Amino acid sequence: DDIYLVDQTGLLISAPRFSDEMKAAGLFETRPELEYKLETTAGKALLTKTSGSGIYDNYLGKEVVGMYGWIAEMNVGIVSEIQTSEANAASNQMLITVGIVLAVAVVAVILIALFISNSITKPLSTIVLAGQKLSVGDLVRDIDQKELEKINRRKDELGDIGKAFSGIVNYMQEGASVAQSIAANDLTVQAARKSDKDELGVAFENMVNTLRKPSET
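Residues numbered from 1 in each chain as written. Predicted model: local features only at pLDDT ≥ 70, side-chain atom pairs only at ≥ 80, totals over all residues. Heavy atoms only, no water.

## Points about the confidence of the model for the protein
Then, in step 1: For the protein, the average pLDDT comes to 80, and 82% of its residues sit at 70 or higher.
Then, in step 2: Mean pLDDT values over the elements of the protein span from 67, in helix 3 (residues 89-134), up to 94, in helix 2 (residues 41-47). (pLDDT = per-residue confidence, 0-100. Helix = DSSP H or I, 4+ residues; strand = E, 2+ residues; numbered from the N terminus.)

## Notes on the pairing of strand 3 (residues 63-71)
Then, in step 1: The element strand 3 is largely enclosed, with a buried count of 7 among its 9 residues.
Then, in step 2: Of the strand pairs in this sheet, strand 2 (residues 52-57) and strand 3 are connected by 6 bridges, and their pairing is antiparallel. For Ser53, the partnering residue across the bridge sits in strand 3 and is Met67.
Then, in step 3: Where strand 2 hands over to strand 3, the hairpin turn is made up of 5 residues, of which Gly61 adopts a positive phi near 80 degrees.
Then, in step 4: Inspection of the sheet shows strand 3 paired to strand 4 (residues 76-83) by 8 bridges, in the antiparallel sense. (Buried < 20%, exposed > 50% of the residue type's maximum accessible area, 1.4 Å probe, protein only. Pairing = 2+ DSSP bridges.)

## Considerations on the pairing of strand 4
Then, in step 1: Across the 8 residues that make up strand 4, a large majority, 8, are buried.
Then, in step 2: In this sheet, strand 4 lies alongside strand 1 (residues 2-6) in antiparallel orientation, the contact comprising 5 bridges. The partner of Val6 across the bridge, within strand 4, is Gly77.

## Here's the deal with the pattern of salt bridges
Then, in step 1: As enumerated under the stated definition, the model contains 1 salt bridge in all.
Then, in step 2: Residues Arg31 and Glu33 are paired through a salt bridge, measuring 3.3 Å at the closest nitrogen-oxygen approach.
Then, in step 3: In this structure Arg31 comes out as partly exposed when scored by relative accessible area, which is 46%. (Salt bridge = Lys/Arg side-chain N within 4 Å of Asp/Glu carboxyl O.)

## Quick look at the packing of helix 4 (residues 145-152) against helix 5 (residues 157-183)
Then, in step 1: Interaxial distance between helix 4 and helix 5 falls to 7 Å at its minimum, and their mutual angle equals 130 degrees. Judged on the interaxial angle alone, helix 5 and helix 4 are oblique. Of the residues in helix 5, those in contact with Leu148, Ile151 and Asn152 of helix 4 are Leu158, Gly159, Gly162, Lys163 and Ser166.
Then, in step 2: Tallied by class, the residues present in the contact of helix 4 with helix 5 amount to 3 nonpolar, 4 polar and 1 charged. (Axes fitted to C-alpha atoms, helices over the stretch in contact; angles between N-to-C directions. Parallel < 35°, antiparallel > 145°, perpendicular 65-115°, else oblique. Contact = heavy atoms within 4.5 Å. Nonpolar A, V, L, I, M, F, W, Y, C, P; charged D, E, K, R; others polar.)

## Structural notes on unusual backbone geometry
Then, in step 1: Phi at Leu34 is positive, roughly 65 degrees, even though this residue is not glycine.
Then, in step 2: For Leu34, the position within the fold is in the loop between helix 1 (19-24) and helix 2.
Then, in step 3: In this structure, Lys49 is a non-glycine residue whose phi angle is positive, near 55 degrees.
Then, in step 4: Relative to the assigned elements, Lys49 resides in the loop between helix 2 and strand 2.

## A word on the packing of aromatic side chains
Then, in step 1: Scanning all chains against the criterion turns up 2 aromatic pairs.
Then, in step 2: Ring centres of Tyr4 and Tyr59 lie 5.7 Å apart, and the angle between their planes is 75 degrees; on these two criteria the pair is classed as edge-to-face. You can see Tyr4 sitting in strand 1 and its partner Tyr59 sitting in the loop between strand 2 and strand 3, a full 55 residues away along the chain.
Then, in step 3: Taking relative accessible area as the criterion, Tyr4 reaches 1% and is therefore assigned buried. (Phe/Tyr/Trp six-rings, centres within 6.5 Å; stacked < 30°, edge-to-face > 60°.)

## Thoughts on the nonpolar core
Then, in step 1: Ranked by internal contacts, the top residues of the largest apolar core, which has 17 residues, are Tyr4, Leu38, Tyr59, Tyr68 and Val79.
Then, in step 2: Every residue in contact with Tyr68, bar those within four places of it in the chain, is listed here: Thr41, Ala42, Ala45, Leu46, Thr50, Ser51, Gly52, Ser53, Tyr56, Ile78 and Val79.
Then, in step 3: In this structure, Ala130, Val140, Val169 and Ala176 belong to the second largest nonpolar core, which totals 11 residues. (Core = buried A, V, L, I, M, F, W, Y, C linked by side-chain atoms within 4.5 Å.)

Structure below.
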């Protein structure tokens with residue numbers, strides 16, 4: 001059986017089984033990936049993101065039984081083919097079944113990999129982007145709260161990171177509010193430290209206490 005992938009323009013993005021025969025026939029110069037455009041029934045159908053199956057000529061002009069489908073999540077098409085000359089009718093049916101099972105397995109693996117990737121990379125991207133903003137003084141008040149809450153509800157290490165990051169954001173935003181109040185000469189603000197090691201909180205307390213003294217005398 002022959003299983004390979006094509007992109008949205010019809011170009012191969014994985015090497016098919018008969019790559020050597022393709023090169024000997026002059027269908028590509030260096031490698032089939034991104035050099036050879038699939039012009040078969042399967043290739044034309046995948047250009048319109050259509051799935052299907054049937055008997056047709058493959059890229060070498062040999063008759064095959066093929067199945068093809070478009071994977072929208074990956075923006076690629078997958079083709080599984082078996083040359084009809086490789087076996088008699090009885091064994092051919094078995095090979096077709098095996099080819100279909102393999103194709104389905106490949107699709108399943110791709111979808112699972114995509115799901116796992118999205119479940120990790122999207123939350124990390126949210127946290128990394130917010131962290132980059134914090135590093136230049138942006139207190140990320142426009143952060144997607146729903147996405148952050150979704151991360152915080154996770155029961156894994158990413159959830160722990162999300163909770164810790166939310167605590168940092170809240171701390172920085174509270175500190176900014178205290179600083180704004182002091183700048184506006186509002187000395188009634190409560191600059192409570194989070195702990196004895198809260199250097200910023202201690203500094204705000206000392207600043208408020210120092211500014212209050214002249215008005216108290």
